[in-house]
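For reference, the chains in residue letters:
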Amino acid sequence: MYYTIQWDETAVSMLDQRMLPVQEVYRHYTNYHDVADAIRSMVVRGAPAIGIAAAMGIALAAVKSKTGAINDFKSEMLRVCQLFASTRPTAVNLFWAINRMKNIIERAEDVEKCKNELVSEAKKIHQEDIEINKKIGEYGHKYIEDGFTVMTYCNAGALATGGYGTALGVIRSAVEHGKQIKVYACETRPYLQGARITAWELFKDGIDTTLICDNMAGHFMKKGEIHCVIVGADRIAANGDTANKIGTYTMSILAKVHSIPFYVAAPLSTLDPDTPDGNSIVIEERNIDEVAYIQGVQIAPEGIFIKNPAFDVTPAENITAIITEHGVIENPAATGIASLFGVR
Ligand code: MRU
C-alpha cells in the first residue's frame, strides 16, 4: 500500500509523485529546506497535501532546531513559516495549515513544549484530513447514482491529500456503497496529474477507469456518456468561484452546455472567506518547460513563447454543488460559501 506523506520523527517521508506511474520512489527528508523544495518541485502536490507537507516541514525545522532561547526560537520558526508560505501561491490550504502552526509558535513560552506541540499539530492536520475526506465522501456519494459514469480532472485523490481524496474520495465512497461506477479521467496537460496519478490511483483500487485526453471531454459529453463531473479545488472564494487545475474552467463550460452536473469536492480549509471572488485569487505561473517538454522530451520549438498558468477559476454559476465535510452547498452562485463560515 502506498502513502502520500508520513511523519517519521526525524524525517518527513513522501512518495515522489513526479516519478509516477513508472516508479514508486519514497523520499525521506531530514531538512526542512528540502521539504519546501519538494512542495515547489511537485514531489508532493494537491492542495490539502501541500498543507500537510508544510506543517510537517515546520515541525521538522522545530525538532532539528538548536536554538535554546524562546524568543530566538519563535523568530526562527516564523521565518520557517515564511519560507513555506512562498512555495506555492494558489492553494489556500497551504496558508491555512501554516497559520495553525503559527498560532502555536506565537503563544509559545517554552522551546521543548513548543516543539512537541508543533509535531502533534502536524500529525493532527494529517489525521484530520483523512477523516474529513471520508466525510466528504459520505455527503458526496449521494450525488452519484448506481451506473453513473463520472468525469474527473487533475488529481484530487489520496495523493493530493492525507489519504482517500476529495473528488476521488466521493468516487471511492460511491464504490464502497456498492454502486457500479465508471470513471473518465482527463489526462490534465501540461503536468499530466490525471494520466500519471489519478489513473494510477484508481487502477490500483480496481475502479473501472478510462483515460482520455483533455480535448476528448466534450466529445464524450455530447455522446451522453458522462453523468456528472467531479473535481477538487485549490481555493474557493467567498462567492463560490473556485480555483482548480488549469482546464477545470473549460470542463465546467462543457458540462454546462451539455446540462451535466458539475461538482466540487473540498474540505473547509479550501474555503477562503477573505477572498471575495475569483478575480482576487493569485494564479501560479509555472516553468514553461512543463509545456515545452513531456517527460524530458522536447515537443515545442526552442524559443517559442509559452504560457503556463497552473490554475484557472471556475465561476460559481458553473458549479452545481460544493461538497464539504460539513455538508453540501447547492447552487453556490446563489448562496456563496457564507453558510459554512461559522463552522470553519
Ligand atoms: O498543481 P497541483 O497538482 O498541486 O494541482 C492540484 C489540483 O489542482 C487539485 O485538483 C486540487 O489541489 C485539489 S486536491 C484535493
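None of these values were measured; they are calculated from a predicted model.

### Digging into the domain arrangement of the chain
Inference 1: In terms of domain boundaries, the chain breaks down into domain 1 (5–134) and domain 2 (141–341).
Inference 2: The centre of domain 1, based on its C-alpha atoms, is set 25 Å off from the matching centre of domain 2.
Inference 3: Listed by partner, the interface residues are 29 residues for domain 1 and 32 residues for domain 2.
Inference 4: Here domain 1 and domain 2 share an interface that buries about 2700 Å² over both sides, 55% of which is from carbon and sulfur atoms.
Inference 5: Inspection of the domain 1/domain 2 interface yields two salt bridges.
Inference 6: Taking the shortest distance from any N to any O, the salt bridge between arginine 88 and glutamate 284 comes out at 2.9 Å.
Inference 7: Taken together, the links from domain 1 to domain 2 amount to 19 residue pairs in polar contact (both at pLDDT 80 or more).
Inference 8: Elements supplying a minimum of two residues to the side of domain 1 that touches domain 2: α2 (47–64), α4 (92–106) and α5 (111–140).
Inference 9: When residues of the side of domain 1 that touches domain 2 are assigned to their parent elements, the largest contribution, six residues, is made by α5.
Inference 10: Of the residues that constitute the side of domain 1 that touches domain 2, the class distribution is 15 nonpolar, seven polar and seven charged.

### Some words on the environment of lysine 123
Inference 1: By the secondary structure assignment, lysine 123 is in helix α5.
Inference 2: Between the C-alpha atom of lysine 123 and that of aspartate 272, which follows or precedes it by 149 residues, the distance is 23 Å.
Inference 3: The contacts of lysine 123, once residues within four sequence positions are left out, are Trp7 and Glu9.

### Brief notes about the sheet that holds strand β3 (residues 26–29)
Inference 1: Read from one edge to the other, the open sheet built from three strands follows the order β1-β2-β3, with strand pairing classed as antiparallel. Of all strands in the sheet, those with a lone pairing partner are β1 (5–7) and β3, marking the two edges. Taken pair by pair, the neighbouring strands of this sheet meet at an average axis angle of 15°, ignoring direction.
Inference 2: Relative to strand β2 (residues 12–15), β1 runs antiparallel, the two sharing three bridges. Within β2, the position partnered with isoleucine 5 by the bridge is methionine 14.

The rules we used
Residues numbered from 1 in each chain as written. Predicted model: local features only at pLDDT ≥ 70, side-chain atom pairs only at ≥ 80, totals over all residues. Heavy atoms only, no water. Domains from an automatic or database assignment. Contact = heavy atoms within 4.5 Å. Buried area = accessible area lost by both parts, 1.4 Å probe. Salt bridge = Lys/Arg side-chain N within 4 Å of Asp/Glu carboxyl O. Polar contact = N/O pair within 3.5 Å; in protein donor to acceptor, adjacent residues only side chain to side chain. Helix = DSSP H or I, 4+ residues; strand = E, 2+ residues; numbered from the N terminus. Nonpolar A, V, L, I, M, F, W, Y, C, P; charged D, E, K, R; others polar. Pairing = 2+ DSSP bridges. Axes fitted to C-alpha atoms, helices over the stretch in contact; angles between N-to-C directions.

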